[in-house]
Every structure is written in structure tokens, then in C-alpha cells.
Amino acid sequence: MAKTDPGRFFEHYSIGQVIEHAVPRTVSGGERALYHALYPARHALYSSDTFAQACGLPAAPIDDLAAFHVVFGKTVPDVSLNAVANLGYAEGRWLKPVYAGDTLRASSEVIGLKQNSNGKTGVVYVRTTGTNQHGESVIEYCRWVMVRKNDLDAPAPETVLPELKKVLAPEDLVIPDGLSFEGYDFTLAGEPHRWGDYEIGETIDHVDGVTIEEAEHMMATRLWQNTAKVHFDATFRPDGQRLIYGGHVISMARALSFNGLANAQMIVGLNGGAHANPCFSGDTVKAWSEVLDKADTPAPGVGAIRLRLVATKGGAPFALRGEDGKYLPDVLLDLDYWALMPK
């Protein structure tokens, strides 16, 4: 009897299947230090306990995307080990801050299946929930992945496409208990721009760029315990290149967005996202944002701002799609999210 696990292939999934993912992870301050070493992350709420305490939180949480990566990494051996590509996200919500000392685990439910016309791959839709040691949900999101078939003769499942919200409503967002921006220190945060200073339709060129290094990508992928073969094994792709983990691009773009959006402190909602083109070592990532919407929240001094974050490999800012409606070849990421900002 084989002791090794080749991972699930498309024919191994069924609607309603619930997968409890292995290897819970206790996070520590080391997660923050490594996250800030890998990305130019500078948002004050995640950098300083005293700043976070002045905003009503007990301490600085682990960066929202670091928590996402930890939960995401739990799911990879069961959902995307044999993936061709991670295709998109929807209905992502950060439900509770994650602090050093919390232990995270994850489970996923299969909510959609569609075999591709080539008969060699199919798309698997899952809803993943990350919980802490108290059984409290800290994050949930949907994603869909193109996965290889192992048995090409396996019959195609009935196509089920889940109905997912294109945009989370402001009332869907969860504001952390106690959060208040009434005493917010704009000097310590790094920029003076408030929620009211941003206009719907405004675009922001974040100016800076970072060239992706193979070593840093590999360190990040191992840190999040992401075992997808396309990120590790250069022989797994026909072009002989290791694909940069899409979450690495998300975190890099979010960190770059600090220049112009330093006060977009907490990500609380993920409306949608697409990894438009592959990223490889040597690509230089730049970023720009567009303000899509704004909303009030019940928390003192806290506004919600909906942003489109676009990462490019050196492409011109504010260019997204060609005349054919397809993403331009320089576009790496198109992410639609809600963040919390002081009024």
C-alpha cells in the first residue's frame, strides 16, 4: 500500500464534499517579521502595538494578508496540489483579527465543478473557512482552481456553478470589536489623506516597483506551507519555469500601495480577484489603484473604501484591458477589495 499522497485530481471532487485540512499553524511575531522582510509592508496598525492599542485593539494583529496566506496554505495539498492555475476569488471576509499566539486551521467545502472541454482539466470551486483555537471563524473566502484529471476516462461530473456575490455589501463587512479611528495619528501612519479625501473614480499610481527574486518567492511559499507543484518543481511546467505564487504578487502589490494609501489600514472584504497573467522570477511588479466605492461604518471614525488594486510587470499605470476586452499581457493581478480608513 502506497504511503505517499499524489494529491487530489479533478475526478476526486464532489459537490458538498467537506475537506478538513491538515497541520494547524500557531502564528507568532516571527510571521510579522518575515512578512515585513519579504514585502515592503508598512501599515502602522500591523507594525505597532501602541498604534493598534490607540485604535482600540489589544495589540497589533498579524497582517491581514499573512493570515490569509496561512489559511490558504493549509488548503493547497487538498485543493490545488495538482492545479494548473488558481483562477479567482470571491466573497472573502476577514471576520476576526489574528494575533500572535493564535492557532489557525482550515476546512473547505466543494461548491462547484465544471469539466473543461479538453477533457483533461476541470474547475473546482471551494468555500474555505479559517478558524482559531477557540473555534471562531477568522476568515472565509471562495476560490476556483483549474485542476488536472488523472484518469482521462473518468466521466465528467454534472456542471454546478455557484452563485457568488460580485461585490460584498458594506453591511456584509465585519468591523473588529473595539476599533476606533477617532484618535488616529496621521503623522505616525505616514500620510495625511483621510477617507473623505478620496473620490470615487480616482486613480492612484503607487510609483514604486519591486523585482521578484526566486529566493524570496521560495521563502514565502515555504513560509505559508504552500506545496503546489507549479511553485516548486521547474519540470512541472512545459516552459521549465516555476510559477510565482499568486499570493506573493497580492502581498507585494498591497505593500506597494502604501505609497498613496497608507491609511487604508485593514482589509476586511475581498470582492473578487483574478491572476490575469503568470508572474516569474525577474519580473518587476508595480501597482496602481482605483477607488470604486465608499461607505460609512458603525465604528467611530471608521470609513470603508472599496479599491481595485492592479499589479503589472512594469506596465503603464491605469491600463487594464485591450480592445478585445482581455487583460493586457503586462497585467498580473486585478483585485477588488474593501479596506477600513480613518475619516
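Above this text you will find the structure in question.
Predicted model only: the values in this text are computed from it and were never measured.

## As for the overall build of the protein
Thought 1: The helix and strand tally for the protein stands at eight helices and 11 strands.
Thought 2: Computed over its C-alpha atoms, the radius of gyration of the protein comes to 20 Å, within 12% of the 20 Å expected for a compact globule of 343 residues.
Thought 3: Overall, the protein is about 60 × 50 × 40 Å in size when its C-alpha atoms are taken along their principal axes.
Thought 4: Going through the 343 residues of the protein one by one, you find that 54% of them count as buried.
Thought 5: Taking the intrachain contacts of the protein between residues at least 6 apart in sequence as the baseline, contacts between residues at least 24 apart amount to 78%.
Thought 6: Carbon and sulfur atoms make up 51% of the accessible area of the protein, which totals about 14300 Å².
Thought 7: Side-chain charges in the protein split into 31 positive and 42 negative, and the spacing between the mean points of these groups amounts to 5 Å.

## Observations regarding the pairing of strand 3 (residues 83–94)
Thought 1: The sheet contact formed by strand 3 and strand 6 (residues 137–148) spans eight bridges and is antiparallel. Paired with Ala90 across the two strands is Cys142, which belongs to strand 6.
Thought 2: In this sheet, strand 8 (residues 266–275) lies alongside strand 3 in antiparallel orientation, the contact comprising five bridges. Considered in strand 8, the bridge of Tyr89 is made with Gly273.

## Things to note about the packing of helix 3 (residues 64–79) against helix 7 (residues 246–256)
Thought 1: Viewed as axis vectors pointing N to C, helix 3 and helix 7 meet at an angle of 175°, and their least axial separation amounts to 11 Å. Here helix 3 is positioned roughly antiparallel relative to helix 7, judged by the angle of their axes. Taking contact as the criterion, the partners of Asp64, Leu65 and His69 in helix 3 are, on helix 7, Gly247, Ile250, Ser251 and Arg254.
Thought 2: Split by residue class, the contact of helix 3 with helix 7 holds two nonpolar, three polar and two charged.

## Digging into helix 1 (residues 29–38)
Thought 1: Three or more residues of helix 1 are buried, namely Glu31, Arg32, Tyr35 and Leu38. Buried residues of helix 1, viewed axially, fall in a sector of 135°; they line one side.
Thought 2: Summarising the contacts, the buried residues of helix 1 are in contact with strand 2 (25–26), helix 3, helix 5 (214–223) and helix 7.
Thought 3: One side-chain oxygen at the N-terminal end of helix 1 lies 3.0 Å from the backbone nitrogen of Gly30; it belongs to Ser28.

## Some points on the pairing of strand 4 (residues 103–115)
Successive residues of a regular strand alternate their side chains across the two faces of the sheet.
Thought 1: Pairing geometry for strand 1 (residues 18–20) and strand 4, over three bridges, is antiparallel. Residue pairing for strand 4: Val18 is matched across the bridge by Glu109.
Thought 2: Pairing of strand 2 with strand 4, which is carried by two bridges, proceeds in the antiparallel orientation. Within strand 4, the residue paired with Arg25 across the bridge is Leu104.
Thought 3: Bridge count for strand 4 against strand 5 (residues 121–131) is 10 bridges, and the pairing is antiparallel. Opposite Gln115, over in strand 5, you have Gly122 as the bridge partner.
Thought 4: Where strand 4 hands over to strand 5, the hairpin turn is made up of five residues, of which Gly119 adopts a positive phi near 75°.

## Overview of helix 3
Thought 1: Between its first and last C-alpha atoms helix 3 spans 22 Å; for 16 residues at 1.5 Å apiece the expected length is 22 Å, and the two agree.
Thought 2: If you look at helix 3, its biggest bend is around 25°, right at Gly73, and the proline Pro77 turns up within four residues after that.
Thought 3: Most of helix 3 sits out of view: 15 of its 16 residues are buried.

## Quick notes on the environment of Ala253
Thought 1: Relative to the helices and strands, Ala253 is located in helix 7.
Thought 2: Along the sequence, Ala253 and Ser117 sit 136 residues apart, while their C-alpha atoms lie 34 Å from each other.
Thought 3: Not counting the four nearest positions on each side in its chain, Ala253 is found in contact with Ala287, Leu309, Ala311 and Leu333.

Rules of the game
- Residues numbered from 1 in each chain as written.
- Predicted model: local features only at pLDDT ≥ 70, side-chain atom pairs only at ≥ 80, totals over all residues.
- Heavy atoms only, no water.
- Helix = DSSP H or I, 4+ residues; strand = E, 2+ residues; numbered from the N terminus.
- Rg over C-alpha atoms; globule rule 2.2 N^0.38 Å.
- Buried < 20%, exposed > 50% of the residue type's maximum accessible area, 1.4 Å probe, protein only.
- Contact = heavy atoms within 4.5 Å.
- Areas by Shrake-Rupley, 256 points an atom, 1.4 Å probe, with all protein chains shown as cover.
- Lys, Arg positive; Asp, Glu negative; His and termini not counted.
- Charge placed at Lys NZ, Arg CZ, Asp CG, Glu CD.
- Pairing = 2+ DSSP bridges.
- Axes fitted to C-alpha atoms, helices over the stretch in contact; angles between N-to-C directions.
- Parallel < 35°, antiparallel > 145°, perpendicular 65-115°, else oblique.
- Nonpolar A, V, L, I, M, F, W, Y, C, P; charged D, E, K, R; others polar.
- Arc of directions from axis to C-beta.
- Polar contact = N/O pair within 3.5 Å; in protein donor to acceptor, adjacent residues only side chain to side chain.
- Expected span 1.5 Å × (residues − 1).
- Bend = angle between axes of the 7 residues up to and from the residue.

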